[in-house]
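Survey of secondary and tertiary structure
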Amino acid sequence: MYRLTARMEQTLRHNLEKFYELSDGGRCSGWQLEELIFKSIQSDSTAGHHATWQEGGHDDQADIRVRVNGIVHPLQVKSGEIKQVNSDNERSPHLVLSGHRLGRFRGDLGNITAYLNQDRADFLSLPYRKVDDDTGRHHIYQIVYVEQVCLRGLNPFQWEQVGSSWKQINTHGVIFTLSPSMSWQVWWRIPISLVTHSPEFIIG
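Now for a description of the structure that goes with this document. Just so you know, these numbers come straight off a predicted model, no measurement behind them. (Residues numbered from 1 in each chain as written. Predicted model: local features only at pLDDT ≥ 70, side-chain atom pairs only at ≥ 80, totals over all residues. Heavy atoms only, no water.)

Further remarks concern the side chain of Gln185. Here Gln185 shows up in strand 13 (residues 185-191). Given a relative accessible area of 7%, Gln185 falls into the buried group. Within the local environment of Gln185, its side chain forms a polar contact with the backbone oxygen of Gly99, the two atoms lying 3.0 Å apart. Not counting chain neighbours up to four residues away, the residues in contact with Gln185 comprise Ser98, Gly99, His100, Arg101, Leu102, Thr177, Leu178 and Ser179. (Helix = DSSP H or I, 4+ residues; strand = E, 2+ residues; numbered from the N terminus. Buried < 20%, exposed > 50% of the residue type's maximum accessible area, 1.4 Å probe, protein only. Polar contact = N/O pair within 3.5 Å; in protein donor to acceptor, adjacent residues only side chain to side chain. Contact = heavy atoms within 4.5 Å.)

On to unusual backbone geometry, then. The phi dihedral of Ser183 is positive, around 60 degrees, even though this residue is not glycine. By the element assignment, Ser183 lies in the loop between strand 12 (175-179) and strand 13.

Below, the discussion takes up the packing of helix 1 (residues 6-22) against helix 2 (residues 30-43). Across the interface, helix 1 lies against helix 2 with an axial gap of 8 Å and an inter-helix angle of 135 degrees. The pairing of helix 1 with helix 2 is recorded here as oblique in orientation. Seen from above, helix 1 lies across helix 2 with right-handed handedness. Residues Arg7, Met8, Thr11, Leu12, Asn15, Leu16 and Phe19 of helix 1 pack against Gln32, Leu36, Ile37, Ser40, Ile41 and Ser43 of helix 2. Partitioning the contact of helix 1 with helix 2 into residue classes produces 7 nonpolar, 5 polar and 1 charged. (Axes fitted to C-alpha atoms, helices over the stretch in contact; angles between N-to-C directions. Parallel < 35°, antiparallel > 145°, perpendicular 65-115°, else oblique. Left-handed = near helix turned anticlockwise from the far one by under 90°. Nonpolar A, V, L, I, M, F, W, Y, C, P; charged D, E, K, R; others polar.)

So, in structure tokens, the structure goes:
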């Protein structure tokens, strides 16, 4: 999977610092994160990584494509949040991501499953949390890489209805939830053990 170089990560942190010099609110929006990551990739001219950014593109396609030695790496940029999630009767840290809406399949779980099992793009997520304490406000991020292979392995006959939603745990232990009331939006709860992530870093 594609990963940012150390120089790119340093540029990303620097640009986040500049962002919070202008705004001391909450997390960056999705398109702002896309642009910051795109500019971070461009910043390392020695790496030979060539990126293109589809601003405002469809949320089920790659936001950024990076060409390295003739190989194209499609990336979807997600914000996300680290939460303690119940899984196998235990509470463990998961990366929680919201996904695209699948209302066009009109609730056909077979077609939805086939669509979700397709290979599209790896995820680059920047989960965020805010801390206010005696020293002021701090914005805490980390960089998380999720390989697309972890988001496949669904069975069309193993969806379980839980309240008004549908739920399934795939072969990798990722919890999928479909929300019909939100135009069949998909949510992923991904065990931290499945991802690669940087240490948290503090802005402000």
